[in-house]
Amino acid sequence: MKTEERLEIEGLRGRRFLAGTVKVGGAKNAVLKMMSATILFADRVKMTNVPEIEDVRRTAELLVDLGAEVSFSGDHTCDIDTTNLTKTVITPEISKKLRASIVLTGPLLARFGRVSFPHPGGCVIGRRPIDLFLAGFEALGANVTLKNDLYEIKAKNGQLIGAEIFFKNQSVTATETFLLAGVLAKGKTVLKNCALEPEIISLGEYLKKCGAKISGLGTTTIEIEGGARLHAKGKIYHTIPDRIEAGSFLILATLAGKDVTIADCEPKHLTAVIDFLREAGAEIIVGQNFLRVINRKKPKLIASDLKTHEYPGFPTDLQAPMSVFLTQAVGQSFIFETIFEGRLGHLESLEQMGAKVKLLDAHRAIINGPNELHSRELFSPDLRAGLAYIIAGLVAKGRTTVHNVGYIDRGYENIEGKLTALGAKIKRIHLENETICHFSSEN
Ligand code: EPU
């Protein structure tokens, strides 16, 4: 992780200044799962609209370590061939940095009858248990043991047997892992209380095109009839737009935009976010595949209560950026983070910048606004809070420094380049030699 880099941001002091078009990339949380799914294929899979982000590179490293051939071309395209893959131990060094690595376990176990992996890492935003996975493996007839910090999962006679699995919590990665496992399990697998995120549907739809027998995508019950390995036969997986990146730009545009268009996005995946912002006073034009915010004069933003929820509710991944918005809204807002218990840490930093924040417990907080934010030196605790700090820095008065940029690079491609194109003054600095990589134009 490139934690040695920092971003320096010149604040706009609440002015609506940014203008132009920003393009949204492919969804991190879609493409990472599709990369894992290539293990189910007997031929090469081509993916397009693949974002150039750290988590994609790490997943590629994991696949290469397992024996896959992975190649990237400069136009956001990636080819993966898992034909010669034989290894079933997921490398702890990389996997511990990446929660999405858990999704590799489903297809590896289904194809080879065994898999070993450490407790996966990822952003430190709560406990992030894996009990649903272990229970699911056992339901499919596998034996689970823990030896030297490695989970070893072995299917009886090397073959998973389809079964009914009820997820006691709706989990994105658990739904994906068992969707993939079911494709090569013997007989029917029925998944109940599944997550409904669009990234899961896009994954399942592609698998269906390539021969998988799946029904119920986008509902809480998914049925999979197991069969043989899938064949892409040249069919391309096109990564859906990243709704979290789009939502982050939308929040920024309402706070600091004069006329900003967010292009190449899927507005229907952002209904909860658009509705929330509109109710709080933002004016948003919704197009077929774009969003536009025009702030001719400074709009009056009104406090609103924010409760995160599984899709199609308000995404937890946009709670941190939206809390920056709430510091600029008039009145008292209540934040209820229902998914993760460690995801309000950024509020302390916003408080240090001048926001009026009261933390009630690990899940709930109150923000009273509006308050002018002042520049600070900030340390990203995770990817989404890091983006929230960039937004806060742009809204604030003075120059804000954001450290731990490596976290932000995990999920956002060339963030400073995209924001510079809108007129933001944001530059990346290497701490080792203080070389400035990106300079924004004067505003
Ligand atoms: N949970 C369990 N047991 C499990 C797994 C999950 O109790 O075995 C609980 C979690 O503790 C949490 C809830 O279930 O309370 C939902 O978590 P989920 O499993 O859905 O989260 P995840 O699959 O680990 C994905 C995204 C996250 C995103 C969440 C929620 C990936 C790689 N990660 O995580 O994305 O916040 O869904 O939408 O898809 C990010 O991109 O920054 C990020 C953290």
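Note that the structure is predicted; figures quoted are calculated from it, not measured.

### Things to note about the pattern of salt bridges
Phase 1: As enumerated under the stated definition, the model contains 26 salt bridges in all.
Phase 2: The residue Glu8 makes a salt bridge to Arg6 at a minimum N-O spacing of 3.1 Å. Per residue, the accessibility class of Glu8 equals that of Arg6, and both read buried.
Phase 3: The residue Asp361 makes a salt bridge to Arg364 at a minimum N-O spacing of 2.8 Å.
Phase 4: On the basis of relative accessibility, which here comes to 30%, the residue Asp361 falls in the partly exposed class.
Phase 5: Through salt bridges that share partners, Glu5, Asp409, Glu416 and Arg428 make up one connected network.

### Things to note about the domain arrangement of the chain
Phase 1: We note that the domain assignment places domain 1 (3-25 + 241-432) and domain 2 (28-238) within the chain.
Phase 2: Both sides of the domain 1 and domain 2 interface together cover about 1,900 Å² of buried area, and 50% of this is carbon and sulfur.
Phase 3: Looking only at domain 1, the three residues that lose the most surface to domain 2 are Tyr311, Arg410 and Glu413, adding up to 37% of its buried area.
Phase 4: Linking domain 1 with domain 2 are two salt bridges, by the criterion used here.
Phase 5: Ionic pairing is found between Glu199 and Arg243, a salt bridge with its closest N-O pair at 2.8 Å.
Phase 6: Our count for the domain 1 to domain 2 interface comes out at seven residue pairs in polar contact (both at pLDDT 80 or more).

### Overview of the UniProt feature "binding site: UDP-N-acetyl-alpha-D-glucosamine" (unreviewed entry) in the chain
Phase 1: UniProt's feature table lists "binding site: UDP-N-acetyl-alpha-D-glucosamine" (unreviewed entry) at Arg99, Arg128, Pro129, Ile130, Asp131, Leu132, Asp317 and Ile339, given in the numbering used throughout.
Phase 2: Structurally, the position occupied by Ile130 is in the loop between β6 (114-117) and α5 (131-139).
Phase 3: Accessibility expressed as a relative area gives 3% for Ile130, which makes it buried.
Phase 4: In this view, Ile130 contacts Arg99, Ile102, Phe117, His119, Pro120 and Tyr151; residues no more than four positions away in its chain are not counted.
Phase 5: Its place among the elements puts Leu132 in helix α5.
Phase 6: Among residues more than four places away in sequence, those in contact with Leu132 are Phe167, Lys168, Asn169, Ser171, Ala174 and Phe178.

### Description of the environment of Leu134
Phase 1: Here Leu134 lies in helix α5.
Phase 2: Spatially, the C-alpha atoms of Leu134 and Arg399 are 47 Å apart, while their sequence positions differ by 265 residues.
Phase 3: Leu134 has contacts with Phe117, Val144, Tyr151 and Ile153, leaving out every residue within four places of it along the chain.

### Brief notes about the sheet that holds strand β15 (residues 284-286)
Phase 1: Taking strand neighbours across the sheet as the criterion, the four strands line up as β2-β14-β16-β15 in an open arrangement whose pairing is mixed. Strand pairing shows two members of the sheet lacking a second neighbour, β2 (18-23) and β15, which therefore form its edges. Averaged over neighbouring strand pairs, the angle between their axes works out to 10° when direction is ignored.
Phase 2: Relative to strand β14 (residues 257-263), β2 runs parallel, the two being bridged by six bridges. Its bridge partner lying in β14, Gly20 is registered against Val260.
Phase 3: Relative to the sheet, helix α8 (residues 243-256) contacts β2, β14, β15 and β16 (290-294), its axis offset from that of β14 by approximately 165°.

About the cut-offs
- One numbering rule holds for all chains: residues counted from 1, following each sequence as written.
- This being a predicted model, a pLDDT of at least 70 is required before a residue's local features are given, and a value of 80 or more before pairs of side-chain atoms are given or counted; all residues contribute to the totals for chains, interfaces and linings.
- Side-chain metrics rest on all non-hydrogen atoms present in the structure, leaving aside hydrogens and water.
- Salt bridge, as used here, is a side-chain nitrogen of Lys or Arg placed within 4 Å of a carboxyl oxygen of Asp or Glu.
- Relative accessibility under 20% of the residue-type maximum defines a buried residue, over 50% an exposed one, and the middle range a partly exposed one, all with a 1.4 Å probe and only protein chains included.
- An automatic or database domain assignment provides the domain bounds reported here.
- By buried area we mean how much accessible surface two parts lose on assembly, using a 1.4 Å probe and totalling the loss over both.
- Under the rule applied, a polar contact is a pair of N or O atoms within 3.5 Å (in protein, one hydrogen donor and one hydrogen acceptor; residues adjacent in sequence only if both atoms are side-chain atoms).
- UniProt positions are given in the numbering used here, feature names are shortened, and annotations may be inferred rather than shown by experiment.
- We count a stretch as a helix when DSSP gives it H or I for four or more residues in a row; a strand needs E for two or more, and each element gets its number in order from the N terminus.
- Any two residues whose heavy atoms approach within 4.5 Å are treated as being in contact.
- Following DSSP output, two strands are said to pair if at least two bridges run between them.
- Working convention: axes come from line fits to C-alpha atoms, limited for helices to the stretch in contact. Angles between N-to-C directions cover 0 to 180 degrees.

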